[in-house]
Amino acid sequence: MNNYLLGNFMLTEKDISLVKSTIPLLEQAGSAITEYFYNRMFRHNPELKDIFNMSNQKTGKQKVALFEAIAAYAKNIENLAALTTAVERIAQKHTSFNIQPAHYQIVGHHLLATLRELAPDAFTTEIEEAWANAYQFLAQIFIAREEELYTQRASTKGGWRGKRRFKVVNKVKESALVTSFTFAPVDNKPVIDFNVGQYLGVEVQPNGSDNVEIRQYSLSDLPNTETYRISVKREQGEYPGLVSNYLHDHVEIGGLVDLYAPAGDFFFIDRQAPVVLISAGVGVTPMQAMLEKLSNDRYKDNVHYIHACENNEQHSFKNRVIDLCHTNSWKHNTWYNEKHDNDDNIHQGFINFSQLELPKDNGNFYMCGPVGFMQFAKSALLDMGVCESRIHYEVFGPHANL
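Conventions we followed
Residues numbered from 1 in each chain as written. Predicted model: local features only at pLDDT ≥ 70, side-chain atom pairs only at ≥ 80, totals over all residues. Heavy atoms only, no water. 1 Å grid on protein atoms, 1.4 Å probe; cavity = no way out; pocket = protein on both sides within 12 Å on 5 of 7 lines; lining within 4 Å. Points joined across faces, edges and corners; volume = space filled by probe spheres on them. Helix = DSSP H or I, 4+ residues; strand = E, 2+ residues; numbered from the N terminus. Nonpolar A, V, L, I, M, F, W, Y, C, P; charged D, E, K, R; others polar. Disulfide = S-S within 2.5 Å. Pairing = 2+ DSSP bridges. Axes fitted to C-alpha atoms, helices over the stretch in contact; angles between N-to-C directions. Contact = heavy atoms within 4.5 Å. Buried < 20%, exposed > 50% of the residue type's maximum accessible area, 1.4 Å probe, protein only. Expected span 1.5 Å × (residues − 1).

A. Structural context of empty space enclosed by the protein. In this structure the tally under the stated criterion is one cavity of 30 Å³ or more. Taken as a whole, the largest cavity holds about 70 Å³ of empty space. Forming the boundary of the largest cavity are T95, N98, Y150, R153, W160, R161, G162, Y260 and A261. Those elements giving two or more residues to the lining of the largest cavity turn out to be α8 (125-155) and β8 (256-263). Taken together, the residues of the lining of the largest cavity sort by class into four nonpolar, three polar and two charged.

Written out as structure tokens, the structure is:
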């Protein structure tokens, strides 16, 4: 019988078999498991509301994401290599929340209690022990990887561990809904570089809020060792963004925030091949950082910049993109959902990739935007013959696959 050993945690074939036997139970219960789990955890450990995005709790996104993660782990428990990408993405996100080993113990306690309380007949002592072993095994993978990231960032010039106080040194309205904020450290020391495409963890306590709120916002400019810039969309609609509206309405030049070091597994890699940057809405922010870097580095291969948004008023960085593409003789195309003035580079409706001459055989495609948009874009690119391994993307909010 094969066993899996990681540090002090042993996962046996029997554990694996018992965990997999619960897959039908998990799938039958669906996200009801995670809804019960979160309610239980926040009731007993309300301090965790300072870490978890409570807005995602209201929309249900976090509950669905956690259920899918639990089910995926159960299904791939004997083949963790299949989860490598997801583990790295989640570990990176956790560091921007400053997740610590003690948090895993709390989450594990409530997860096991949830399974026991929801299915007391099916969740036997033997199965509970198997799930406890499986959870500790996975938790140790995350704890080890996150410690590597914390240590690496703290030991790099300009880096730090935990939160660091910054002040707003510039605030610029980029479009009707997007505003850029530039932060400089209060201690006046250098800041760590980042890979374009990564994000910052931003911690604030909005007026009237009982909890500290942490959000991740993509860095939208080049690293410069002195400051960071993020560009934030004012989230409206049924679930208005608590933090985004607070930043827009109340955080001015001179205002203070706490930041966590840059993180994220989505970033530009120079593969010495043509590049296509695709975005919709505020998904433009990491693409803007990538475009700035490509221009700054005088990238030798062709670059094509593609963007979609509602209208001219919501078109962020429009003039800057035009200038950069003109200077480098790169192509750029934008689609508006609403009518627009005559412009050969601006179209109406949905993006039509077939209208463009794209490097489908050897280009690398970077995408960021709402999940529905990226599902559409990825499907269209695959239909064109683009290899899936050359499609790279970032998802807003809780982790999701396209």
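Let us keep going from here.
B. Highlighting the state of the cysteines. Applying the stated criterion to the full structure yields zero disulfides. In this model C309 remains outside any disulfide bridge; the closest cysteine sulfur is found in C368, 14 Å from its own. With no disulfide partner, C325 has as its closest neighbouring cysteine sulfur the one in C309, 15 Å distant.

C. Layout of the sheet that holds strand β4 (residues 178-185). If you walk across this open sheet you meet the six strands as β6-β5-β8-β3-β4-β7, and the pairing is antiparallel. Single-partner strands in this sheet number two, and they are β6 (213-218) and β7 (228-233). The average undirected angle you get between the axes of adjacent strands in this sheet is 40°. Of the strand pairs in this sheet, strand β5 (residues 199-204) and β6 are connected by six bridges, and their pairing is antiparallel. Paired with G201 across the strands is Q216, a residue of β6. Relative to the sheet, helix α6 (residues 84-95) contacts β5, β6 and β8, its axis offset from that of β8 by approximately 155°.

D. Just unusual backbone geometry, in detail. Backbone geometry at N188 places phi at a positive 60°, although glycine is not the residue there. With respect to the helices and strands, N188 occurs in the loop between β4 and β5. In this structure, R298 is a non-glycine residue whose phi angle is positive, near 50°. Here R298 lies in the loop between α10 (284-296) and β10 (303-309). Given a relative accessible area of 72%, R298 falls into the exposed group.

E. Structural context of α10. The terminal C-alpha atoms of α10 lie 18 Å apart, and with 13 residues this matches the ideal 18 Å at 1.5 Å per residue to within 8%. By the criterion of burial, α10 is predominantly enclosed, with eleven of the 13 residues buried. Restricting attention to buried positions, one finds in α10 the residues V284, T285, P286, M287, Q288, A289, M290, L291, E292, L294 and S295. Where α10 is buried, its residues meet β6, β7, β9 (275-280), β10, α11 (318-328) and β13 (364-369). Two residues or fewer after α10 comes R298, characterised by a positive phi angle close to 50°.

Function cannot be read off these values alone, since they describe shape.
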